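# Observations on the model geometry
Letter by letter, the chains look like this.
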Amino acid sequence: MLLQSERGTWRSKATVGGLRHRSAATTNVTAKNATKVNAISPPSVQSGRSESSSSTGSETNSDDEVGSIDQCQKQASIAKSSCSNDSVSLTETRDIATMKPSIKIDTQKDFARDTAIIYEFGGPLGVTFLMIGFPVLMSYLFICLGSHAGYLKNPFEMGFWSEGLRTIYPTWRAIKIYLGFNMFQYVTAATLPGVKVLGLPVPSLGGKQLEYLCNGVATWYVDLVLIFVLHKSGYFPITSVVDEIGPIMSVAMIWGVIVTLATYIVGVVSGRTHRMSGSILYDIFMGAVLNPRIGNVDLKMWSEIRIPWKLLFFISLSAAVKDHEINVARRLAAGMPPQVWHLFGGVLEMTAIQTTPPLLFMTLAHFLYVNACMKGEECIPTTWDIFYEKWGYMLIFWNFAGVPFSYCYSTLYLLNRSLSNNPIHHSTVYTITLFVILTTAYYVWDTANSQKNRFRMQQRGTYIKRNTFPQLPWGTLRNPTYVQTKHGNKLLTGGWWGIARKIHYTADLVMALSWGLITGFDSFIPYFYVCFFTVVLVHRVGRDHIHCKEKYGVDFEEYCRQVPYIFIPFVF
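Residues numbered from 1 in each chain as written. Predicted model: local features only at pLDDT ≥ 70, side-chain atom pairs only at ≥ 80, totals over all residues. Heavy atoms only, no water.

Bringing the packing of aromatic side chains into the picture now. For the coordinates displayed, the defined rule picks out 37 aromatic pairs. Ring geometry for Phe-361 versus Phe-435: centroids 5.1 Å apart, planes at 80 degrees, classification edge-to-face. Within this pair, whereas Phe-361 is found in helix α11 (residues 357–375), its partner Phe-435 is found in helix α15 (residues 428–460), the two being separated by 74 residues in sequence. Judged by relative accessible area, Phe-361 falls into the buried class, the value being 0%. (Phe/Tyr/Trp six-rings, centres within 6.5 Å; stacked < 30°, edge-to-face > 60°. Helix = DSSP H or I, 4+ residues; strand = E, 2+ residues; numbered from the N terminus. Buried < 20%, exposed > 50% of the residue type's maximum accessible area, 1.4 Å probe, protein only.)

Okay, structure coming up:
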């Protein structure tokens, strides 16, 4: 049933097959937007959504699915659609210069996916448990790390919480550090130069493509220079981060809740809500607003890229410097002078790095991750989180607090062992092996994501060749193979994507496992990340398979025939 509001917008409602679907998107089709997509036909049958994210760092946009509409400024869309109950709405793309038809995209299914709602994560009751459980679990694991040498303790023991919570109470210094970091990241995101790219056509905006300023590399280099200056000047030693890590974590969790509630209230009051379920708790968790912005900064992309991964790296860097200072002090206390490196023929002298190899490993691991996010930021606007997910507790809390303060458990465990004068040591062979595993897995992960996203951007005419460091071999495919679907999209079968359908997940999980292995086997907590991540990715793969099978039908079956393995070639 279609209803036209006084504002000239269209709203649709549907119930399908007994599932709890609600379509509550609003599509504003204006003349300006029509130059890109002339019409978006509201569907008469709604399909279920898939592939939501928990913001674990592996971005998706229905990973097997690569769009094929050219969205560059030289093209326009001429829609030919019909809206009968059994019809399929198609948008035919034509090149302006030749007016020859290129590819037809099933916009009816795209609109249905954007508007349909299925309760996930156990519905309102399940998400309420998650919103309460996340902060409690993070606090519990942190207290076990800091106060109980990394051993899991009974949380109901007398004194566990009363004594442990004292280590994470917010302080004014922690508030200034965390909020100051967020404010600085916003300012640099809004002002520094970068490339501008267009996101996917947003069905609820009539096919309009939003513009994203991708200046992550510039902000990253500014961060590194500023941190070096602040540390060397003594104005803000980088070790201050790990010294205040507990209070900073609490501030981050509180800030995540505040931003979540504020965003929900502003969205509801301003009438900018999208895809609302009718359950307040569920909508707070999933979000009320799709594309929140302040000025030229998209808050969803900013919080997903700039906050968690940079903060995670600075935590590891802080721990590595702290470990260095501890070891230098111990040498001096033992009457041994610090080792000195003479560089460039004695022109430059510096104290030899005394950080233990495991902490250097974690610093490198987190550097590779954040650097990859910054150097390839132009690929992020087409990912699932940015295109589909709303900005709610799921993304806000996990990006502001969950990622930086739960993915750092290996780092904190290693530092605490060093502080207790019981540092982790491995054989040279074991350590080198883990470094090789980490860098190899990173190469596969980086180039696989690069192949996928660049292929997707090339098909849409938005690809931008960049020289950000490092540009790894085989990051861009030339004339790759793919399966052309009747829907209009191409399913990539070339490069890494011809070896396994989720090869980037496999590489990501191997990296996550190495973060645990470098800590040894005395504590489970450093392995929390890889366990949690495995559950998330397996769940995500299952939903993506259902979605793609529904969307592409026999074309997806052919794709699975050509690429039969999901994670590990010839195994699974």
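Read on for the rest.
Below, the discussion takes up helix α10 (residues 308–333). For α10, which comprises 26 residues, the first-to-last C-alpha distance of 37 Å matches the rise-based estimate of 38 Å (1.5 Å per residue) to within 8%. For α10, the tally of buried residues reaches 19 of 26 residues, placing the bulk of the element in the interior. With its phi angle positive at about 80 degrees, Gly-335 sits one or two positions after the end of α10. (Expected span 1.5 Å × (residues − 1).)

Turning next to the side chain of Asn-215. Positionally, Asn-215 belongs in the loop between β7 (211–214) and α5 (216–233). Given a relative accessible area of 1%, Asn-215 falls into the buried group. With sequence-adjacent residues up to four places away left out, Asn-215 is seen in contact with Thr-188, Ala-189, Leu-192, Pro-193, Gly-194, Arg-306 and Glu-377. (Contact = heavy atoms within 4.5 Å.)

Take the pattern of salt bridges next. In total, this model carries 10 salt bridges according to the counting rule given. Its salt-bridge partner being Lys-310, residue Asp-223 comes within 2.7 Å of it at the nearest N-O pair. You can see Asp-223 sitting in helix α5 and its partner Lys-310 sitting in helix α10, a full 87 residues away along the chain. (Salt bridge = Lys/Arg side-chain N within 4 Å of Asp/Glu carboxyl O.)

Below, the discussion takes up a nonpolar patch on the surface. Judged by side-chain polarity, Val-257, Leu-261, Ile-265 and Val-269 come together as a nonpolar surface patch covering roughly 360 Å² of accessible area. Considering the arrangement of structural elements, one finds Ile-265 in helix α7 (residues 245–270). (Patch = residues over 30% accessible without salt bridge, like charges linked within 9 Å, V, L, I, M, F, W, Y side chains within 5 Å. Areas by Shrake-Rupley, 256 points an atom, 1.4 Å probe, with all protein chains shown as cover.)

Attention now goes to the state of the cysteines. This structure, assessed with the given rule, holds 0 disulfides. Among the cysteines around Cys-548, which has no disulfide bond, Cys-560 carries the closest sulfur, lying 8.2 Å off. Judged by relative accessible area, which is 0%, Cys-548 ranks as buried. (Disulfide = S-S within 2.5 Å.)

Just distances and angles here, no functional claims.
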